[in-house]
Amino acid sequence: MSIKVNKDIIILAIESSCDDTSVAISKNKEILVNIVANQKVHKEYGGVVPELASREHQKNIVPTISLAIKMSKISKDQIDAIAFTRGPGLMGSLLVGASFAKSLSISLKKPLIEINHMEAHVLANCIDEDPVFPFICLTVSGGHTQIVRVENVNQIEVIGETIDDSAGETFDKCAKMLGLNYPGGPEIEKNSKHGNHLAFSFTHPKVDGLNFSFSGLKTNFMRLIQNKSINNPSFIQHRLSDLCASIQYTIIQILTNKLDLAIRKYNVKNIAISGGVAANQEFRKAIISLEKKYNTKALIPKKEYSTDNAAMIAISSYYKYRTSQFTKTSINVDPRYKLKQYDQ
Ligand code: KG4
Ligand code: ZN
């Protein structure tokens, strides 16, 4: 395999870790196309059903790749490498993307690049931007809530994470309790618009340092709904917007307080957010307040690069390509693929 470094680097990237089949094609740091095929089948179940997710990926992967190639106007022989998400994620979903990437790598005789999904969420901040290093990034998705210290694109280390549920999952579960559709984050955001965020207060978890906990908040929310509904069966219906605004406000407060603590603890003022919850408008506003407080620069990816997407896999693999970090086709997916912990 020949690696050309003094020319444009064209990468075809596949992301299939959860319930979205996404394919992107990049030319150096520029994203030529980023297609996301959403799976609607999970809506009625209130969460992702792993078996259905992998079947949907199998249906979507070929048309999504064909469409990406067509839209990018890149011919297959121009592609320099194939990248895929190795983990973390759902085993069956990861396997579909990985198997397809391996087959493409073999048939096109192009190198293969494996990417950690959490690293990719962080590096989504490098699309259309040149971040100042080091920076601290808070990644908030459906499966994870994690704070990392980013020394450079090759050195991303965990400084805090959730000890139980993720913030995205809390949005999803609370939405389900309210009878709202999956994914719950956007539903709660939509229904919170005219609500009072101080209508209901919830206890904040007491977790030391930069770790998070959300399971207590979820129980707190459930108890409130159960207790109030005893005397008023229409409680949810009457107070929906206040409930949504209050739970959204509490989750965002917990997240931003920890990011604030991380800035002070590590004396690193450059900050970033990423992951599906970063699409939330109120969360974005809270980060902008933090930016003003510390007179610093906050990186916030565009919405299409916040939720799961293959553009973030493409940008991460661009950096790996430049340093020839290729992988063998014998590599296995890793549903629990972890990032390195920061060594103090
Ligand atoms: O990063 P992501 O697309 O997939 C995972 O890797 O998990 O994140 C999905 C999560 C879901 O929990 C979803 O409810 C949440 O992101 N989410 C939001 C919003 N959009 C997506 N949460 C709050 N507000 C939103 N606008
Ligand atoms: Zn994700």
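Residues numbered from 1 in each chain as written. Chains lettered and ligands numbered in written order. Predicted model: local features only at pLDDT ≥ 70, side-chain atom pairs only at ≥ 80, totals over all residues. Heavy atoms only, no water.

## With respect to the packing of helix H1 (residues 50-72) against helix H2 (residues 91-108)
So, step 1. Contact geometry of H1 with H2 gives a least axis separation of 8 Å together with a crossing angle of 30 degrees. With respect to each other, H1 and H2 are oriented roughly parallel. Read as a crossing pair, H1 and H2 show a hand that is right-handed. Taking contact as the criterion, the partners of Ala53, Ser54, His57, Gln58, Ile61, Val62 and Ile65 in H1 are, on H2, Gly92, Ser93, Val96, Gly97, Phe100 and Leu104.
So, step 2. Considered class by class, the residues forming the contact of H1 with H2 number seven nonpolar, six polar and no charged. (Axes fitted to C-alpha atoms, helices over the stretch in contact; angles between N-to-C directions. Helix = DSSP H or I, 4+ residues; strand = E, 2+ residues; numbered from the N terminus. Parallel < 35°, antiparallel > 145°, perpendicular 65-115°, else oblique. Left-handed = near helix turned anticlockwise from the far one by under 90°. Contact = heavy atoms within 4.5 Å. Nonpolar A, V, L, I, M, F, W, Y, C, P; charged D, E, K, R; others polar.)

## Some remarks on the coordination of the zinc ion (ligand 2)
So, step 1. Taken together, His117 (NE2), His121 (NE2) and Asp308 (OD) make up the full set of protein donors to the zinc ion (ligand 2), lying 2.0 to 2.1 Å away.
So, step 2. Relative to the metal, the four donor atoms surrounding the zinc ion (ligand 2) lie at angles of 92 to 151 degrees, and the coordination shape comes out irregular.
So, step 3. Counting residues between consecutive donors of the zinc ion (ligand 2) along the chain gives the motif H-x3-H-x186-D. A residue pair is termed a helical-turn pair when its members lie 3 or 4 positions apart in one helix, as His117 and His121 do in helix H3 (residues 117-123) at four residues. Each member of the pair His117 and His121 is classed as buried. (Donors = N, O, S within 2.8 Å, 3.2 Å for Na, K, Ca; no water. Tetrahedral: all angles 85-135°; square planar, octahedral: opposite > 155°, others 65-115°. Buried < 20%, exposed > 50% of the residue type's maximum accessible area, 1.4 Å probe, protein only.)

## Notes on the pattern of salt bridges
Pairs may arise between side chains of opposite charge once their charged atoms sit close together.
So, step 1. What the rule picks out here adds up to 17 salt bridges.
So, step 2. Between Arg239 and Asp242 there is a salt bridge, with its nearest N and O atoms 3.1 Å apart. Of this pair, Arg239 and Asp242 both sit in helix H7 (residues 235-266), three residues apart, which is roughly one turn of the helix.
So, step 3. Residue Arg239 is classed as partly exposed on the basis of its relative accessible area of 29%.
So, step 4. The closest approach of N and O atoms between Glu282 and Lys285, which form a salt bridge, is 3.0 Å. With a gap of three residues between them, Glu282 and Lys285 both fall in helix H8 (residues 281-293), about one helical turn apart.
So, step 5. For Glu282, a relative accessible area of 36% translates into the label partly exposed. (Salt bridge = Lys/Arg side-chain N within 4 Å of Asp/Glu carboxyl O.)

## Section: the packing of aromatic side chains
So, step 1. Per the counting criterion, the structure on display carries seven aromatic pairs.
So, step 2. With centroids separated by 5.6 Å and ring planes inclined at 35 degrees, the aromatic side chains of Phe133 and Phe135 adopt a geometry described as tilted.
So, step 3. With relative accessibility at 1%, the residue Phe135 sits in the buried group.
So, step 4. Measuring from centroid to centroid gives 5.4 Å for Tyr321 and Phe326, while their planes differ by 75 degrees, and the two rings are edge-to-face.
So, step 5. Classification of Tyr321 by relative accessible area gives buried; the value is 1%. (Phe/Tyr/Trp six-rings, centres within 6.5 Å; stacked < 30°, edge-to-face > 60°.)

## A closer look at the domain arrangement of the protein
So, step 1. Domain boundaries assigned for the protein yield domain 1 (10-124 + 305-341) and domain 2 (131-301).
So, step 2. Averaged C-alpha coordinates put domain 1 and domain 2 at centres separated by 26 Å.
So, step 3. On the domain 2 side, the residues contacting the 22 residues of domain 1 number 24 residues.
So, step 4. In total, domain 1 and domain 2 occlude about 2000 Å² of area from one another, counting both sides; carbon and sulfur atoms represent 63% of this.
So, step 5. The largest share of the area that domain 1 buries against domain 2 comes from Met118, Val122 and Ser306, three residues that together contribute 28% of it.
So, step 6. Here domain 1 and domain 2 share one salt bridge between them.
So, step 7. Among the ionic pairs, Lys340 bridges to Glu157, the shortest N-O distance being 3.2 Å.
So, step 8. Connecting domain 1 to domain 2 are eight residue pairs in polar contact (both at pLDDT 80 or more).
So, step 9. Elements supplying a minimum of two residues to the side of domain 1 that touches domain 2: H3, helix H9 (303-306) and strand S11 (340-341). (Domains from an automatic or database assignment. Buried area = accessible area lost by both parts, 1.4 Å probe. Polar contact = N/O pair within 3.5 Å; in protein donor to acceptor, adjacent residues only side chain to side chain.)

## Observations regarding the sheet that holds strand S7 (residues 145-152)
So, step 1. Read from one edge of the open sheet, six strands run S10-S9-S6-S7-S8-S11, paired in mixed fashion. Taken across any chain shown, the strands that pair with only one partner, and hence form the sheet edges, are strand S10 (298-299) and S11.
So, step 2. In this sheet, S7 lies alongside strand S6 (residues 135-140) in antiparallel orientation, the contact comprising six bridges. Across the sheet, the residue bridging to Thr139 is Gln146, located in S7.
So, step 3. Packed onto the sheet, H7 meets S6, S7, strand S8 (155-161) and strand S9 (271-274) and runs at close to 160 degrees relative to S6.
So, step 4. In this fold H8 packs onto S6, S9 and S10, with an angle of close to 170 degrees to the strand it touches most, S9. (Pairing = 2+ DSSP bridges.)

## Some remarks on the site of ligand 1
So, step 1. The immediate surroundings of ligand 1 are formed by 20 residues, with Gly142, Asp172, Glu189, Gly276 and Asp308 found nearest.
So, step 2. Between ligand 1 and Gly143, the relevant distance is 3.3 Å, taken from an oxygen atom to a main-chain nitrogen or oxygen of the residue.
So, step 3. Among the elements of the structure, H3, helix H4 (167-177) and helix H5 (184-192) are those that each provide at least two residues to the shell around ligand 1.
So, step 4. Ranked by residue count, the leading element in the shell around ligand 1 is H5, at four residues.
So, step 5. Of the residues belonging to the shell around ligand 1, the class tally is five nonpolar, twelve polar and three charged.
So, step 6. For the shell around ligand 1, the domains that each give at least three residues are domain 1 (10-124 + 305-341) and domain 2 (131-301). (Near = heavy atom within 4 Å.)

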